[in-house]
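Structural characterization, general
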Amino acid sequence: MNPVIEMKHVKKAYDQNTIIEDLNVSIDPGEFVTIVGSSGCGKTTFLKMINGLILPTAGDIFVNGKNLKDVDLIQLRRNIGYVIQGSVLFPHMTVRENIAYVPTLWNKKNKQATKDAVQKWMDIVGLDPSMMDRYPHELSGGQQQRVGIARALAASPDILLMDEPFGAVDAITRSQLQNEIKRIHQQTGITILFVTHDIEEALVLGTKVMVMDHGEIVQFDRPQELMDHPTNDFVVSLVNHHPY
Ligand SMILES: Nc1ncnc2c1ncn2[C@@H]1O[C@H](COP(=O)(O)OP(=O)(O)OP(=O)(O)O)[C@@H](O)[C@H]1O
């Protein structure tokens, strides 16, 4: 199987400050990769290098076999969904208009196709149709997060990048959203990369868990493997905070 994302000898420095020294990783299509690690270890930097929002200082990044050095980054981002913490919806657009944003560009002559897409994705993320004409400020944090996910998915991306997407919602909503995203992953087979600071969330959601420490991947394994065979003391301490 060809990897959907590959990094080879990737280095990232901000001025003189090297955050990532030499990162090598290969991610297979369809995986749900959760990324955990201490604060400031480079998780967001890692994620943003995949959609070209941050450029590496050295090394190569391949998405769907193409070196990012050779691709149009705007085009690339159309195929990569990006969901971050908090609301990043267009405030002056309704739920319907937010979700329809990309499908409208595609279906200029077929309004019904856009309408169908909005309904389909609202349904998949568990948003009641009565929310359709509301504006973001008329929604709860959890509902806004659902619209954000629906909007990202409505663009039919191959890859979905999620940076602490459920960080700002209460525990009940968070657990509902976790179930939704797990189901969406199973239904769509999309590749998901999901940053979290919560090891429990990482172990529950991930088909693979990537543990980062000081810009290095210290372990990248199936959740069970991580719990049974943690590779170093950092992973041991992470896993030990897990209640199971
Ligand atoms: N634009 C920037 N300029 C300079 N330093 C930066 C910049 N962006 C991030 N950093 C630094 O790079 C390091 C890694 O940041 P990053 O946001 O990738 O970490 P993280 O693991 O996602 O952190 P957190 O869990 O706290 O969100 C941090 O020390 C941060 O201060």
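Description of the structure in this document. (Residues numbered from 1 in each chain as written. Predicted model: local features only at pLDDT ≥ 70, side-chain atom pairs only at ≥ 80, totals over all residues. Heavy atoms only, no water.)

What about the sheet that holds strand β3 (residues 32-37)?
Neighbouring strands of a sheet are bound in pairs by backbone hydrogen bonds; such pairs are parallel or else antiparallel. Spatial ordering of the open sheet is given by β6-β7-β8-β3-β9-β10, a layout of six strands whose pairing is mixed. One side of each edge strand has no neighbouring strand; the edge strands of this open sheet are β6 (80-84) and β10 (216-221). Here the average twist between neighbouring strands, direction ignored, is 15 degrees. Relative to strand β8 (residues 191-195), β3 runs parallel, the two sharing four bridges. Across the sheet, the residue bridging to threonine 34 is phenylalanine 194, located in β8. Sheet contacts for helix α9 (residues 233-240): β3, β9 (208-213) and β10; angle to β9, the most-contacted strand, approximately 120 degrees. (Pairing = 2+ DSSP bridges. Helix = DSSP H or I, 4+ residues; strand = E, 2+ residues; numbered from the N terminus. Axes fitted to C-alpha atoms, helices over the stretch in contact; angles between N-to-C directions. Contact = heavy atoms within 4.5 Å.)

Quick word on the pattern of salt bridges
One pass over the structure, following the stated rule, counts seven salt bridges. A salt bridge links aspartate 60 to lysine 69; its shortest N-O distance comes to 2.9 Å. Put simply, aspartate 133 and arginine 96 hold a salt bridge, and the shortest N to O gap is 2.8 Å. One end of the pair, aspartate 133, is in the loop between α4 (111-124) and α5 (141-154); the other, arginine 96, is in helix α3 (residues 95-106), and 37 residues separate them in sequence. Classification of arginine 96 as partly exposed rests on a relative accessible area of 29%. Residues participating in the shared-partner salt-bridge network are Arg146, Glu180 and Arg183. (Salt bridge = Lys/Arg side-chain N within 4 Å of Asp/Glu carboxyl O. Buried < 20%, exposed > 50% of the residue type's maximum accessible area, 1.4 Å probe, protein only.)

Notes on the pairing of β8
Along any regular strand, the residues point their side chains to alternate faces of the sheet. When you tally the buried positions in β8, you get five out of five residues, the bulk of the element. Residue alternation in β8 divides its side chains into two sets, Thr191, Leu193 and Val195 and Ile192 and Phe194, and both sets are buried. With five bridges connecting them, strand β7 (residues 159-163) and β8 associate as parallel partners. Counterpart to isoleucine 159 in the pairing with β8 is threonine 191.

Looking at the site of the ligand
Tyr14, Ile19, Ser38, Ser39, Gly40, Cys41, Gly42, Lys43, Thr44 and Thr45 make up every residue found near the ligand. Take serine 39: an N or O atom from its side chain is 2.7 Å from an oxygen atom of the ligand. One of the backbone N or O atoms of glycine 42 is found 3.0 Å from an oxygen atom in the ligand. Protein chains shield 55% of the accessible area of the ligand, which is 640 Å² for the free molecule. Take the shell around the ligand: its biggest share by element is three residues, from helix α1 (residues 43-50). Each residue belonging to the shell around the ligand can be placed in one class, and the counts come to three nonpolar, six polar and one charged. (Near = heavy atom within 4 Å. Polar contact = N/O pair within 3.5 Å; in protein donor to acceptor, adjacent residues only side chain to side chain. Areas by Shrake-Rupley, 256 points an atom, 1.4 Å probe, with all protein chains shown as cover. Nonpolar A, V, L, I, M, F, W, Y, C, P; charged D, E, K, R; others polar.)

What to know about the nonpolar core
Membership of the largest hydrophobic core comes to 32 residues, with the highest contact counts inside it found for Ile99, Met122, Ile149, Leu160, Met162, Ile181 and Ile192. Of all the elements in the fold, those that place two or more residues in this core are α3, α4, α5, β7, α6 (171-188) and β8. If we ignore the near neighbours within four places in the chain, the residues touching methionine 122 are Val95, Ile99, Leu127, Asp128, Pro129, Met131 and Met132. Listed in part, the 29 residues of the second largest apolar core include Ile20, Val63, Ile80 and Val195. (Core = buried A, V, L, I, M, F, W, Y, C linked by side-chain atoms within 4.5 Å.)

Things to note about the packing of α5 against α6
When two helices pack together, their arrangement is given by the angle between the helix axes and the distance between those axes. With their axes 10 Å apart at the nearest point, α5 and α6 run at an angle of 15 degrees to one another. Here α5 is positioned roughly parallel relative to α6, judged by the angle of their axes. α5 and α6 meet at a crossing whose hand is right-handed. Residue-level inspection shows Gly142, Gln145, Arg146, Ile149 and Leu153 of α5 in contact with α6, the latter providing Thr173, Gln176, Leu177, Glu180, Ile181 and Ile184. (Parallel < 35°, antiparallel > 145°, perpendicular 65-115°, else oblique. Left-handed = near helix turned anticlockwise from the far one by under 90°.)

As for the packing of aromatic side chains
As enumerated under the stated definition, the model contains three aromatic pairs in all. With centroids separated by 4.8 Å and ring planes inclined at 50 degrees, the aromatic side chains of phenylalanine 90 and tyrosine 101 adopt a geometry described as tilted. Of this pair, phenylalanine 90 sits in the loop between β6 and α3 while tyrosine 101 sits in helix α3, placing them eleven residues apart in sequence. Connected via pairs of aromatic rings, a cluster forms that spans Phe32, Phe166 and Phe194. Note that arginine 151 overlies the ring of phenylalanine 90, its terminal NZ or CZ placed 4.7 Å from the centroid. The cationic tip of lysine 208 hangs over the ring face of phenylalanine 220; the distance from NZ or CZ to the ring centre is 4.0 Å. (Phe/Tyr/Trp six-rings, centres within 6.5 Å; stacked < 30°, edge-to-face > 60°. Lys NZ or Arg CZ within 6 Å of the ring centre and 35° of its normal.)

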